[in-house]
Every structure is written in structure tokens, then in C-alpha cells.
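# Fold and contact review
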Amino acid sequence: MIPLSLLLVPVLAAGLIALLPEDSSLSKWLALAASLATVGFSVLLWRNYPAGLDGYLSGGLYEVNVTWIPSIGASFFLGIDGISLLFIGLTALLILVSVLFSWHAVTKRVNLYYSFLLLLSASMFGVFMARDLLLFYLFWEAMLLPMYFLIGIWGGARRIYASIKFVLYTLTGSLLMLVAIVVLHHYHASQYLTETMALSDLYRVNLPTGTGLFVFLAFLLSFAIKTPLFPLHTWLPDAHVEAPSAGSIILAGILLKVGIYGFIRLLVPFFWTLSLQWSGLVGVLAVVGIIYGGLVAWVQEDVKKLVAYSSISHLGFVVLGIFALSTASVSGGLLQGVIHGINTGALFLIVGIIYSRLHDRKIENISGLAQEMPLLSTFLVITSLASIGLPGTNGFVGEFFILTSSYESLPLLTIFAVSGVIVSALYMLRLLRECVFGEVSDIVSDTTSLHLTEVVSLSLLTIAIFVMGLYPKPFMDRLEPTVSEILKTARQTSGETTFDRGIQQADLPNDSEATQ
Amino acid sequence: MQDWVMMLLPQIILAGVAVTVLSVRIASEQLSRYSTTIGLVGTAAAFGSLWSVPTGRTLQFATVDSMSLVGSGLIFVSLFIVLGYSSRFLERFELAEAEWTFLLICSALGLTLMFNTTHLLVMFLGLELSSLAFYVLCGYIRDNKKSLESSIKYFILGSIGSAFFLLGVSLIFITQKGVNAAQFTSASTGFTLSFALVLVSLFFKLSLIPLHFWVPDVYEGAPTILTGYMSVAVKIGVIGALIRLSAPVLEISGPALPWVAITWWFAAVTILGGNLLALAQDSLKRMLAYSSIAHAGYVTLGLVSPAPTARAYTAMLFYLSIYVLMNLLAFGIIGLLNKDEDFYVYSDLKGLSQTHPAMALALAVSMISLSGLPPTAGFMGKLMLFKSVVTAGYPALAVVAVLGSLVSVAYYFRVIIYSYMRKPDADEAVFGLNTGPVVNLTAGLSAVIILYLGIHPTWFYEFIHTMGL
């Protein structure tokens with residue numbers, strides 16, 4: 001029931017909104033209703049999901065399994081486990097925030113805008129729930145189109161360039177992944193004599209070495225582009241800067257997470273041995289991304305670009321955690337993914353508000369926000385500190401988990417990664433010093449106060465920042481069993497018998513962050 | 001006697017309708033204004049009669065099985081759609097209706113003949129009948145130089161192509177003592193060479209690179225809806241001929257005929273070349289012409305196998321049916337642009353999404369489907385073709401095809417960019433669409449079916465598959 005509703009409610013709402021007359025304000029309310037409904041569904045999911053459930057191989061909670069394309073063995077197979085649960089919650093929250101922010105920010109072609117936003121949300125929910133490889137691919141690709149339209153129609157000056165660059169870049173990886181999917185399916189059909197696309201069946205396929213490497217690299221490329229992993233990140237600054245603010249929120253908050261989700265859902269379980277072998281290289285790229293992204297962010301003149309590069313930097317931590325390939329580090333990585341979604345979403349929201357008031361994003365022109373827009377500045381300071389990783393905020397929790405648990409498997413890289421925390425302080429504090437404090441600059445001096453919708457969305461995110469920062473236990477309790485199960489299965493299906501990457505529960509440093 | 005009537009009933013009906021249209025034209029000036037309507041009714045009747053055709057019988061000159069019924073059905077559907085768009089077009093340029101309808105029906109007749117036989121001379125008959133009709137139809141807008149150019153070019157080059165076919169057939173007659181493919185016996189080098197000539201001719205009609213040079217000029221000059229029809233129907237006919245010929249020929253030839261090498265290279269070069277060339281175009285019709293070349297390459301993927309299976313044929317027919325829908329939708333909407341001349345560039349699309357939101361959306365759907373992205377039917381078609389290529393053991397070709405798709409996104413999305421994201425300048429003309437209720441309905445229905453098949457293709461895919469077995 002709930003998985004289908006998560007898909008159908010946004011799609012139906014999108015359809016209804018598209019049919020409304022152009023100037024109707026009903027579209028905003030419909031969009032709000034739909035997003036509140038999805039938030040409600042996520043809350044329901046959360047309450048019904050018991051803490052210790054792994055729910056991974058079977059599909060988990062709320063399974064939906066209907067035959068779809070028998071000639072290729074694909075089924076309409078949805079399921080929700082610990083990882084999906086968290087990301088669905090993140091998606092619902094950020095969609096709500098986007099709808100609230102767009103309330104006042106979007107004034108032209110409103111109906112089309114909300115339709116695309118809701119279609120995008122439906123496809124993102126689908127990605128996180130799909131347990132069938134073809135279905136996963138369908139939702140994965142379906143995310144591109146609404147995002148393309150959102151950037152291309154409502155974006156900034158270079159929106160056409162940025163949107164098509166985004167599509168082509170991402171598609172390169174995805175299309176190669178499509179061939180890899182067909183190859184995987186073919187090998188399963190020849191080895192097990194059944195045509196299937198269900199993930200749980202495909203995990204047991206044995207690929208010959210050359211083909212296996214190709215399929216692994218195709219998947220890796222596709223997810224590395226989405227994440228993004230240095231050096232495949234160059235689409236991100238353009239896409240983020242030119243996207244409309246709500247588009248940036250969703251792009252940074254959720255779209256980047258599907259790459260990470262893909263790593264753990266597909267890449268690692270399909271290719272445990274290859275993942276182990278390549279974890280060093282990917283780890284190096286991740287750490288380079290952390291430091292490089294941070295340093296480039298430090299010298300940016302455009303606020304939005306600064307936040308975009310900070311995304312690259314923070315997601316390097318996540319990738320490091322995942323490719324350290326122990327239960328604790330992967331759970332930490334995924335948790336940090338969710339956390340990053342909230343933090344960066346909040347940052348882009350604030351930047352969007354700044355831009356809508358000042359019509360300028362250059363740091364040199366913005367100064368003295370604390371005096372003219374104290375409420376906004378408060379939120380900005382909190383969010384920046386969360387992004388840096390101040391204990392008490394969620395940023396600390398995620399990064400700490402990742403760093404402590406990755407040290408066991410990738411010690412040298414982790415040491416370098418720690419410096420990323422300092423670099424993030426560099427650019428964030430610079431942003432605060434230049435923009436929030438100091439003399440009031442010309443453009444700042446004449447601004448309107450915040451709308452109710454903006455205050456509500458900012459508050460929601462800030463509450464999330466502190467809740468996750470002070471009490472992450474419920475989130476970890478739901479993540480870890482699933483992650484542990486995935487890694488265990490990955491190890492088993494790969495035929496590895498000796499193993500030193502900690503499938504046993506790593507001892508979590510409980511005393512340091514979870515002050516209860 | 002009765003046998004062949006029942007077997008060829010759809011073709012007989014079509015021929016009857018053609019003769020009727022011509023007679024009406026001669027008899028009465030008044031009634032000839034309803035020619036397209038007569039044509040529509042006749043096509044519907046022919047389509048309906050498909051269900052009463054007995055399958056599994058083989059005559060000397062005709063082989064009718066379920067696969068040919070599917071092919072004929074597709075040709076009738078394309079004919080129906082084109083006749084539906086025709087009356088608007090003919091009014092706008094003040095052209096005679098009866099001759100147009102007559103020629104279109106003749107072309108459809110010829111194309112179905114190609115599918116319904118393994119006898120090479122009957123195939124040639126179908127090929128020539130349809131080609132001659134097309135030569136005239138291309139030049140139908142007589143005071144337009146481009147239209148005349150397209151007609152002459154098509155005539156000259158097409159005749160050369162047909163000459164190859166005939167030469168190949170004569171040589172096959174010498175080597176095989178007969179020209180019915182179903183009765184071919186042992187192969188020899190002579191046979192392989194003569195079959196290669198026939199293949200050249202068929203690949204020419206299918207517009208595979210490097211036999212594609214006639215396509216851009218012919219497609220650009222011809223009336224837009226005719227281009228749409230040609231790009232779709234000729235492919236169906238030729239693929240039908242290839243399917244009919246490849247099975248018996250491969251059976252007897254074995255390694256003597258490097259079938260896989262031939263089809264592999266033709267498909268790969270066509271996909272890459274067609275897409276890259278389309279990228280460079282400014283004219284919409286030329287872009288669609290090159291895109292149709294690329295799609296011919298995609299369809300050929302199904303033939304790349306030492307022994308193409310029933311699933312491969314199904315995948316090809318499935319792809320062709322989807323291609324009918326999406327290509328006719330694209331050509332149809334572009335052909336409706338309210339310009340004085342039949343020549344369109346990208347910038348003519350500016351502002352379309354605000355003047356005609358529903359049609360712009362339909363156009364966007366067709367573009368997305370042509371590039372093969374989910375959740376449209378184009379993706380499902382390509383997926384099935386990729387599956388057959390990988391199953392046959394040539395995954396590298398799937399990678400090539402995928403790279404071609406990637407390139408195609410760039411130019412298909414250009415259409416979306418211009419219709420959605422660019423506003424016309426103050427002094428630029430905004431071309432609306434010359435629409436009407438029937439046209440809107442057709443376009444809307446096509447777009448909806450494309451989206452539906454993208455999410456739920458099984459019923460249609462299985463229908464074609466069971467029909468083809």
C-alpha cells in the first residue's frame with residue numbers, strides 16, 4: 001500500500017496540476033498536499049519499521065511483487081528496508097521544503113513547475129524502493145527528465161548549457177550501465193536457466209573475469225558520476241549554480257544520494273571482490289575530492305558555487321565510508337549521506353532566499369546580513385556549523401562515524417580525510433565572516449523579511465539537524481542491520497571465505513556523540 | 001482458387017480501394033474531394049480483414065504467416081495515420097487529393113507484398129511498385145524546387161538500387177535454378193555474391209550507411225508527412241524482406257556468407273554515423289532524416305546473429321511498431337507548423353510550449369522516446385534489441401548502440417530546448433500549429449500510447465511474439 005502510494009500520489013497530483021488553468025493558485029496547494037501526504041507516508045513507514053529488522057533479501061517491509069515483463073523476467077518489485085527507509089524520509093522532507101520555498105519564489109509557469117517537481121519526487125521514491133534491476137534503472141533514468149526541465153526552464157543565465165551537460169554526462173554512465181544490466185541478465189539466464197531481473201536473484205551470478213570487470217566498471221562509472229566522485233564531478237557546479245533554488249535543494253539533497261545508494265545496493269553486493277580490490281583507488285579519489293572540493297570552495301566568489309563544491313567535498317567522506325567496506329563505515333557513510341542531504345538542502349535554501357532578496361550571489365557584494373536579516377543569519381550560522389561538523393549537530397555524527405570506522409580498513413586515507421574537516425571550516429567560516437558579519441553592504445540594506453513558508457522550511461531542517469546530531473541512535477538502529485545483511489550476503493555470494501573487513505559489528509564509539 | 005483470395009484479402013481490398021479512388025477521380029470532380037476518406041475507410045477495412053487471413057499456408061508466390069500479418073498491420077496503421085494528416089496538408093498547398101491517395105495506397109500495397117513472399121520476383125514487384133509511387137509522391141508539391149529535386153534524386157538513385165536487386169535476382173536464378181528463397185538448395189560462391197547484390201539493394205532502401213546518401217535530400221524535399229510515412233513504412237517492408245530472406249539463406253549458406261560481419265558493421269557504422277551526422281543539422285527535416293538512418297541501424301541489430309531467433313524478429317517488429325508511433329508523431333507535429341513553405345528549422349519551434357502546450361508535450365514525448373529514454377516506449381524497444389544482441393553474443397555492439405543513443409539525446413533534446421526553453425525575440429515570427437480536432441486526437445493518443453508502452457509493454461510485446469511464432 002504505502003510504496004504504491006508513494007509513487008502514485010505525486011504522479012496523480014502532477015497530472016492534476018498540469019490540467020489546471022495557468023493562473024490558478026490551486027496548484028501550490030495541491031503540491032503541498034501531495035508532499036505532506038508523502039511525508040505522512042514516511043512517518044508511517046518509520047513507525048512501522050522495527051529497529052532490528054534487516055529486511056534486505058526478501059525485499060523488506062511492504063513488499064510489492066507483480067510480474068511486469070515476463071519475456072525479460074522483470075517484475076514490478078518494490079520493498080523497503082533500513083536504507084530505503086532513511087532515504088525515503090529524506091526525500092519526503094526535502095520535497096516538502098522545496099514546495100514551501102517555491103511558494104513565493106516561482107512565479108512563471110507555476111503549474112508545469114510543480115508537475116515536474118512531483119514527477120521527480122515519484123521517480124526518486126521509486127529508485128529507493130526498487131528491488132528489481134530493470135525497475136531500478138527505469139526510475140534512475142526517469143529522474144533525469146523532470147530535473148532537465150526544471151533546470152532548463154526556471155534556471156539561471158546558463159541554464160540551457162548546464163541542463164544538457166547534466167543530462168549528457170549522467171546519461172553516459174547510465175547507458176553503459178544499461179548494457180551492463182543486459183549482460184548481467186544474460187549471464188544469469190545462461191547459468192541458472194531462468195530469466196530474472198530481481199536483485200536477490202542476480203546477486204548469485206558469476207561473471208567471467210573480463211566481462212565482470214566491464215560490468216563492474218560500468219556500474220562504478222554510473223554511480224561515480226552521480227555521486228559525484230572526483231574527477232567526474234565537473235557537471236555539478238554548473239548544474240547546481242544554474243538550477244532554480246528548489247532544484248538545487250533536490251539535486252544536492254537527493255539526486256546525489258542515489259549514486260551512493262547505488263553503490264551499496266548494486267555495486268558492492270554484485271561485486272564484492274572487485275569492490276575490495278578497487279576500494280583503494282576509489283578511496284583515493286574520494287579523499288582527493290574532499291580536499292580538492294574544499295579548497296576550490298574556499299576561493300569561490302559565488303555563494304551557490306561555494307556550496308556546490310562543498311557538496312563534492314562532503315560526499316567524498318561518504319564514498320570513503322562506503323568503500324572502507326565494513327558495517328560500521330558503510331552505515332556511517334549512508335547516515336552521513338542523509339545528513340548531508342539535510343545540511344546542504346538547508347544551505348541551498350538559505351542561498352535561495354538570499355538570492356531572491358538581493359538578486360546577487362557574489363560574496364564581495366553581500367555583507368552584514370546579521371544586522372538586516374537576523375533570523376536568516378541565525379539559520380545560516382547553524383547550518384554552516386552543522387556542515388563543518390560541530391559536535392551537537394548532525395554533521396559531526398556522520399563524519400565521526402565514518403572517520404573512526406574507516407580507519408580500520410583505510411588508515412592512511414582516513415588521516416588525509418580528517419584534514420577535510422578543517423578545510424570545510426575554512427570555507428564556511430570565510431562565508432560567515434564575509435557575508436553575515438561586518439558592515440551592511442548596499443544591496444543588503446533594503447530587504448524584506450522572511451515569508452512564513454521559508455521560516456517553516458528552515459525550522460524543519462534545523463530541527464532535523466539537532467535531532468540527528470544529538471540522538472542518532474534510532475537512525476543507526478535501522479540502518480545497521482540492513483547494511484550488515486547486505487555485506488554478509490555480498491561476501492557469501494562472492495565466494496570469499498576469508499575476510500578481514502569487519503562484518504561483525506564494529507564497536508561503535510558510543511560515548512562520544514550520542515549524548516542522550 | 002479460394003485459398004489465395006483469402007490469403008491475400010488485405011492486399012486485394014487495398015488494390016480495390018486504389019482502383020476505386022482513381023475511378024472516382026475520373027468520374028466525378030465533386031466526389032474526388034472525399035478521396036482521403038475513401039482511402040481511410042479502405043485502409044480500415046484492409047486492417048480489419050487481417051484477422052480473417054488464414055496463416056501457415058504457402059503458395060508459390062505468397063507466404064502468409066502471422067509475422068507478415070503483423071508487418072502488414074503496421075503498414076496499414078502508418079497509412080491510416082498519414083491519410084488522416086493528409087487532407088489538411090493537401091488543402092494548405094492546394095494539391096489534388098485523389099492522385100495522392102491513390103499513390104499512397106499503391107505504395108502500401110507494394111510494401112506489404114515485400115513482406116508476404118519469399119519469391120524474389122514478387123519481392124521486386126512490391127519494391128518497385130512502392131518505389132515508383134514514392135518517386136511521384138516526393139515531387140508532389142510541383143512548384144517547390146526542393147520537392148522536385150527530392151523526387152528526381154530518389155528516382156535516379158532508387159532505380160540504381162532496384163537495378164542491383166534485379167541483377168542479383170538474375171544471378172541467383174542461374175546459381176539456384178529458381179528464385180523462390182524457400183526452395184533454395186546448396187550455396188556456392190556465386191550464390192553468395194549474387195545474394196550480396198540483393199543485400200546491397202535492400203540495405204540501400206533501408207538507408208544503412210554507406211548506402212544512405214540519398215536520404216537527407218529526399219527526406220528534406222519531400223512533403224513532411226510523406227517523409228514521415230516513407231521513413232517508417234519502407235523500413236517495415238524492407239525488414240520484412242530481410243527477415244524472409246535471411247532465414248532460408250542462412251540455413252543453406254553457413255560460413256560462406258559472412259552474415260554476422262556484414263550486419264555487425266553495417267549496424268555499428270549506421271548507428272554512429274547517423275547520430276553524429278544528425279547532430280550537425282540545422283534543418284528539422286534533415287535532422288529527422290539522419291535520425292531515421294540511425295534508427296534503421298538500431299533495427300538491424302536484431303539481425304546480427306548467425307541464426308536470428310524468433311525473439312530477435314519479435315524485438316525488431318516491436319521496435320518498428322514503436323517507431324511508427326513516435327516517428328509519425330514527430331513528423332506530424334513538425335509538419336503542422338504554420339509556415340508558408342515546407343521547410344523547418346529549430347528556431348521555428350520557439351514559444352511552442354506556450355502557444356500549444358499539449359502538442360509541445362506530445363512532441364517532447366516523441367523526442368524522448370526517439371532517444372530511447374525511460375519511461376517511454378522507445379526505451380523498451382531498444383532494451384529488447386539490446387537483449388537480442390547480447391544474447392547472440394555481441395555485447396560490444398550494444399555498447400556502440402548505447403553511445404549512439406547518447407549522441408542522439410543531444411539533438412533530440414534540442415527540439416525540447418527550442419520549444420520549451422527559448423522565447424522568440426520581439427521581431428521573430430511565432431509559428432503556431434495548424435491543428436484541428438482529428439490531428440490533436442491522433443497526436444495525443446500516440447503520445448499516451450508511447451508513455452503507456454514505456455511502462456507496460458508486455459501485452460503488446462507478447463502479442464507480436466505469439467503472432468510471430
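Residues numbered from 1 in each chain as written. Chains lettered and ligands numbered in written order. Predicted model: local features only at pLDDT ≥ 70, side-chain atom pairs only at ≥ 80, totals over all residues. Heavy atoms only, no water.

When helices and strands are counted, chain A shows 21 helices and two strands. Seen through its C-alpha atoms, chain A measures out along the principal axes to roughly 70 × 55 × 45 Å. For chain A, buried positions account for 66% of its 516 residues. Across chain A, the 24 positively charged side chains and the 31 negatively charged ones have centroids separated by 4 Å. (Helix = DSSP H or I, 4+ residues; strand = E, 2+ residues; numbered from the N terminus. Buried < 20%, exposed > 50% of the residue type's maximum accessible area, 1.4 Å probe, protein only. Lys, Arg positive; Asp, Glu negative; His and termini not counted. Charge placed at Lys NZ, Arg CZ, Asp CG, Glu CD.)

Attention shifts here to empty space enclosed by the protein. Residue and element names in this part refer to chain B. Counted by the stated rule, this structure contains seven cavities of 30 Å³ or more. One number sums up the size of the largest cavity: a volume of about 100 Å³. What lines the largest cavity is a set of twelve residues, among which Phe 89, Arg 92, Ile 225, Gly 335 and Leu 336 lie closest to the centre. Of all the elements in the fold, those that place two or more residues in the lining of the largest cavity are helix H4 (66-93), helix H10 (224-253) and helix H13 (310-335). No other element matches the four residues that H4 contributes to the lining of the largest cavity. When grouped by side-chain class, the residues that make up the lining of the largest cavity number five nonpolar, four polar and three charged. (1 Å grid on protein atoms, 1.4 Å probe; cavity = no way out; pocket = protein on both sides within 12 Å on 5 of 7 lines; lining within 4 Å. Points joined across faces, edges and corners; volume = space filled by probe spheres on them. Nonpolar A, V, L, I, M, F, W, Y, C, P; charged D, E, K, R; others polar.)

Moving on, we come to the interface of chain A and chain B. Between chain A and chain B, the residue contacts involve 35 residues of the former and 38 residues of the latter. In total, chain A and chain B occlude about 3200 Å² of area from one another, counting both sides; carbon and sulfur atoms represent 81% of this. At the boundary of chain A with chain B, the tally comes to zero salt bridges. Counting every contact that joins chain A to chain B gives four residue pairs in polar contact (both at pLDDT 80 or more). Listed by contribution, the elements that provide at least two residues to the side of chain A that touches chain B are strand E1 (61-69), helix H5 (133-142), helix H6 (144-154) and helix H7 (159-192) of chain A. Taken together, the residues of the side of chain A that touches chain B sort by class into 25 nonpolar, five polar and five charged. (Contact = heavy atoms within 4.5 Å. Buried area = accessible area lost by both parts, 1.4 Å probe. Salt bridge = Lys/Arg side-chain N within 4 Å of Asp/Glu carboxyl O. Polar contact = N/O pair within 3.5 Å; in protein donor to acceptor, adjacent residues only side chain to side chain.)

Right, let's talk about the pattern of salt bridges for a bit. Using the criterion set out here, one finds 15 salt bridges over all chains in the structure. Across the salt bridge formed by Arg131(A) and Asp81(A), the nearest N and O atoms sit 3.5 Å from each other. Residue Arg131(A) is located in the loop between helix H4 (110-129) and H5, and its partner Asp81(A) is located in the loop between strand E2 (74-80) and helix H3 (82-105); the two are separated by 50 residues in the primary sequence. Just as Arg131(A) is buried, Asp81(A) falls in that class too. One salt-bridge network, in which partners are shared between bridges, spans Glu149(B), Lys153(B), Asp217(B), Glu220(B) and Arg286(B).

Attention now moves to a nonpolar patch on the surface. Residue and element names in this part refer to chain B. Residues Leu 132, Ile 152, Phe 155, Ile 156, Leu 157, Ile 160, Phe 164 and Val 200 make up a contiguous nonpolar surface patch of roughly 660 Å² in combined accessible area. The element that contributes the greatest number of residues to the nonpolar patch is helix H7 (residues 145-176), accounting for six residues. Note on Ile 156: relative accessible area 47%, which makes it partly exposed. (Patch = residues over 30% accessible without salt bridge, like charges linked within 9 Å, V, L, I, M, F, W, Y side chains within 5 Å. Areas by Shrake-Rupley, 256 points an atom, 1.4 Å probe, with all protein chains shown as cover.)

For the structure on display, the rule yields 50 aromatic pairs over all chains. Above the plane of the ring of Tyr355(A) lies Arg361(A), whose end atom (NZ or CZ) is 4.9 Å from the centre. Positioned above the aromatic ring of Tyr298(B), the side-chain terminus of Lys382(B) is 4.3 Å from the ring centre. (Phe/Tyr/Trp six-rings, centres within 6.5 Å; stacked < 30°, edge-to-face > 60°. Lys NZ or Arg CZ within 6 Å of the ring centre and 35° of its normal.)

Right, let's get into the layout of surface pockets. All names here are of chain B. Empty space within the second largest pocket amounts to approximately 860 Å³. In terms of lining, the second largest pocket is formed by 29 residues, of which the most central are Phe 47, Gly 73, Val 77, Ile 81 and Leu 325. Mapped by element, the contributors of at least two residues to the lining of the second largest pocket are helix H3 (35-49), H4, H13, helix H18 (437-455) and helix H19 (458-468). Considering each element in turn, the lining of the second largest pocket owes the most residues, nine residues, to H4. Partitioning the lining of the second largest pocket into residue classes produces 22 nonpolar, seven polar and no charged.

All names here are of chain A. If you check helix H16 (residues 374-388), its first and last C-alpha atoms are 21 Å apart, about what 15 residues at 1.5 Å a residue would give, namely 21 Å. Listed as buried for H16 are Leu 376, Ser 377, Phe 379, Leu 380, Thr 383, Ser 384, Ala 386, Ser 387 and Ile 388. As for H16, its buried residues are in contact with helix H13 (303-323), helix H14 (327-358), helix H15 (369-372), helix H17 (394-409), helix H18 (411-436) and helix H19 (452-470). Phi turns positive, to about 110 degrees, at Gly 389, one or two residues after H16. (Expected span 1.5 Å × (residues − 1).)

For the rest of this paragraph, the subject is the pairing of E2(A). Two faces make up the sheet, and in a regular strand the side chains alternate between them. All names here are of chain A. Within E2, six of the seven residues are buried, leaving the element largely enclosed by the surrounding structure. As paired elements, E1 and E2 share six bridges and run antiparallel to each other. Pairing of Asn 65 across the sheet is with Phe 77, part of E2. (Pairing = 2+ DSSP bridges.)

Okay, unusual backbone geometry next. Of note, the amide linkage connecting Phe230(A) to Pro231(A) takes the cis form, showing an omega dihedral of 0 degrees. With respect to the helices and strands, Pro231(A) occurs in the loop between helix H9 (209-226) and helix H10 (235-242). Across the junction of Ile209(B) and Pro210(B), the peptide omega takes the value 5 degrees, indicating a cis bond. On the secondary structure map, Pro210(B) appears in the loop between helix H8 (189-206) and helix H9 (214-221).

Moving on, we come to the packing of H16(A) against H19(A). All names here are of chain A. The interhelical angle for the contact between H16 and H19, taken along N-to-C directions, is 30 degrees, at an axis separation of 11 Å. Judged on the interaxial angle alone, H19 and H16 are roughly parallel. Taken as a pair, H16 and H19 cross one another with a handedness that is left-handed. The segment H16 lies against H19, with Leu 375, Leu 376, Phe 379, Ile 382, Thr 383 and Ala 386 engaging Val 455, Leu 458, Ser 459, Thr 462, Ile 465 and Phe 466. Residue composition of the contact of H16 with H19, grouped by class: nine nonpolar, three polar and no charged. (Axes fitted to C-alpha atoms, helices over the stretch in contact; angles between N-to-C directions. Parallel < 35°, antiparallel > 145°, perpendicular 65-115°, else oblique. Left-handed = near helix turned anticlockwise from the far one by under 90°.)

Before going further, it helps to examine the environment of Gly259(A). All names here are of chain A. Positionally, Gly 259 belongs in helix H11 (residues 245-270). Classification of Gly 259 as buried rests on a relative accessible area of 0%. For the pair Gly 259 and Thr 447, spaced 188 residues apart in the sequence, the C-alpha separation amounts to 38 Å.

With that settled, the discussion passes to the confidence of the model for chain B. Looking at chain B as a whole, its pLDDT mean stands at 88, while 99% of the residues score no less than 70. Two numbers describe this predicted complex: its pTM, 0.91, and its ipTM, 0.90. (pLDDT = per-residue confidence, 0-100.)

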